[in-house]
Amino acid sequence: MSGELNIRKAEASDYAAVRALADALAAHIEEPPPPLTLDRYVAFYAREHAPVHLFVALLGDRVVGMIAWILTHELYSAQAALYISDIAVHADARGKGIGRALMMKAKEWGSDYGVTRLGWDVWKHNASAMRFYERLGATVDTEAVPHLLRLTND
């Protein structure tokens, strides 16, 4: 694998590569493949003013990684935060600084928008991801307790 590393906003034409990364990420955290259609991908990630910001990392012309986030704002503190929903690097491209570059892209983007912190969740069995984030200087948030309210059609 060769070529210069570039990170750019995802486009509709990146769907297959992003879908493959999403499938690999789901398998890694023992989840079924996501039901991500092209229409849903474009609506949430690739169209102008999409609610989720998705960037891809390319080596040459091959998508080898991705990072997705949303911008949040807390009224009680009047501070903006960036929540990273997904980050993935293709297995054969790991160890080349791509994950770090993707995180730095999120940090840079956040700085441009007045963000004071980045946050994300890590699957409890993903020790390699936890080590990666520690090497970046991240710490575990011991003040917040994640909660979920599942919405179903039942």
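Everything below is about the structure shown above.
About the thresholds
Residues numbered from 1 in each chain as written. Predicted model: local features only at pLDDT ≥ 70, side-chain atom pairs only at ≥ 80, totals over all residues. Heavy atoms only, no water. Helix = DSSP H or I, 4+ residues; strand = E, 2+ residues; numbered from the N terminus. Polar contact = N/O pair within 3.5 Å; in protein donor to acceptor, adjacent residues only side chain to side chain. Pairing = 2+ DSSP bridges. Axes fitted to C-alpha atoms, helices over the stretch in contact; angles between N-to-C directions. Salt bridge = Lys/Arg side-chain N within 4 Å of Asp/Glu carboxyl O. Buried < 20%, exposed > 50% of the residue type's maximum accessible area, 1.4 Å probe, protein only. Expected span 1.5 Å × (residues − 1). Arc of directions from axis to C-beta. Contact = heavy atoms within 4.5 Å.

Caption draft 1: Inspection of the side chain of Asp-14 at higher detail. Counting through the fold element by element, Asp-14 comes out in the loop between β1 (5-9) and α1 (15-28). Here Arg-8 takes part through its side chain, which lies 2.7 Å from a polar atom of the side chain of Asp-14.

Caption draft 2: Inspection of the sheet that holds strand β2 (residues 53-59) at higher detail. Read from one edge of the open sheet, five strands run β1-β2-β3-β4-β5, paired in mixed fashion. Each edge of the open sheet carries a strand with a single partner, namely β1 and β5 (115-120). Strand-to-strand, the axes of this sheet are offset by a mean angle of 25 degrees, without reference to chain direction. Pairing geometry for strand β3 (residues 62-74) and strand β4 (residues 79-89), over ten bridges, is antiparallel. Note on β4: the bridge partner recorded for Ala-68 is Asp-86.

Caption draft 3: Up close: the pattern of salt bridges. Taken as a whole, this structure holds six salt bridges when the rule is applied. In this structure, the salt-bridge partner of Asp-92 is Arg-62, at a minimum N-O distance of 3.2 Å. Taken together, the residues Asp-92 in the loop between β4 and α3 (98-112) and Arg-62 in strand β3 connect sequence positions 30 residues apart. Judged by its relative accessible area of 30%, Arg-62 falls in the partly exposed class. Measuring nitrogen to oxygen at the nearest pair gives 3.5 Å for the salt bridge that ties Glu-108 to Lys-105. A residue pair is termed a helical-turn pair when its members lie 3 or 4 positions apart in one helix, as Glu-108 and Lys-105 do in helix α3 at three residues. Given a relative accessible area of 46%, Glu-108 falls into the partly exposed group.

Caption draft 4: Up close: the environment of Leu-82. Positionally, Leu-82 belongs in strand β4. Owing to a relative accessible area of 2%, Leu-82 belongs among the buried residues under this scheme. With 24 residues separating them along the chain, Leu-82 and Ala-106 place their C-alpha atoms 8.1 Å apart.

Caption draft 5: Examining α1 more closely. Over its 14 residues, α1 runs 20 Å from end to end, which matches the ideal 20 Å to within 8%, given 1.5 Å per residue. Buried within α1 we find Tyr-15, Val-18, Leu-21, Ala-22, Leu-25 and Ala-26. Buried residues along α1 cover an arc of 140 degrees about the axis, so they all sit on one side. Structural note: α1 exposes Ala-16 and Ala-27 on the side pointing more than 90 degrees away from its buried face. Each element contacted by the buried residues of α1 is listed here: α2 (38-46), β2, β3 and β4. At the C-terminal side of α1, Glu-30 shows a positive phi close to 60 degrees.

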